[in-house]
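Single-letter residue listing:
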Amino acid sequence: MAITANMTTHEGRELTDAYCVVKSVRVKKFDTHELNDDGVMEKKESFWKLFYEIEIYENKDKRDHHDSNMYKIKNNHVDMQKIDFDVTSSSNLYSLAYANLKTNSQLSNVKDA
């Protein structure tokens, strides 16, 4: 899976049809706590977040190069993302990440690659 998109990096570099790949996905549980009437900290609620990391390349050829690390492009606007996650969802984590990435306001002309 991959997408192509137009974007401007945090350094002002304009990219057209940049090749974007979700490199990693992880889910993390967060607990909120509050003090009860006795002054004891109690768990209040839990929520989950899905974190995903993006690798960006000028094009697919640069991604497929034997030394692709040399061609990675940094863009702080989209490199790392965090979204709400429903633990009862049976969706593929990577599919969720790509679906969210396609809606990123920093990207335009987004297409499946």
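Residues numbered from 1 in each chain as written. Predicted model: local features only at pLDDT ≥ 70, side-chain atom pairs only at ≥ 80, totals over all residues. Heavy atoms only, no water.

Caption draft 1: Region of interest: the pairing of strand β3 (residues 41-57). Taken together, the 16 bridges between strand β2 (residues 14-35) and β3 define a ladder with antiparallel strand orientation. Pairing of arginine 26 across the sheet is with phenylalanine 51, part of β3. Taken together, β2 and the strand that follows it, β3, pair antiparallel across an intervening segment of five residues, in which glycine 39 is found at a positive phi of about 80°. Both β3 and strand β4 (residues 80-85) contribute to a ladder of six bridges, which runs antiparallel. Across the sheet, residue tyrosine 52 finds its bridge partner in β4, namely glutamine 81. (Pairing = 2+ DSSP bridges. Helix = DSSP H or I, 4+ residues; strand = E, 2+ residues; numbered from the N terminus.)

Caption draft 2: Spotlight on the sheet that holds β2. A sheet is described by the order of its strands in space; here five strands give the open sequence β4-β3-β2-β1-β5, paired in antiparallel fashion. The strands lining the two open edges of the sheet, one partner per strand, are β4 and β5 (107-112). The mean angle between the axes of side-by-side strands here comes to 35°, regardless of whether they run parallel or antiparallel. Packed onto the sheet, helix α2 (residues 93-101) meets β1 (3-8), β2, β3, β4 and β5 and runs at close to 115° relative to β2. (Axes fitted to C-alpha atoms, helices over the stretch in contact; angles between N-to-C directions. Contact = heavy atoms within 4.5 Å.)

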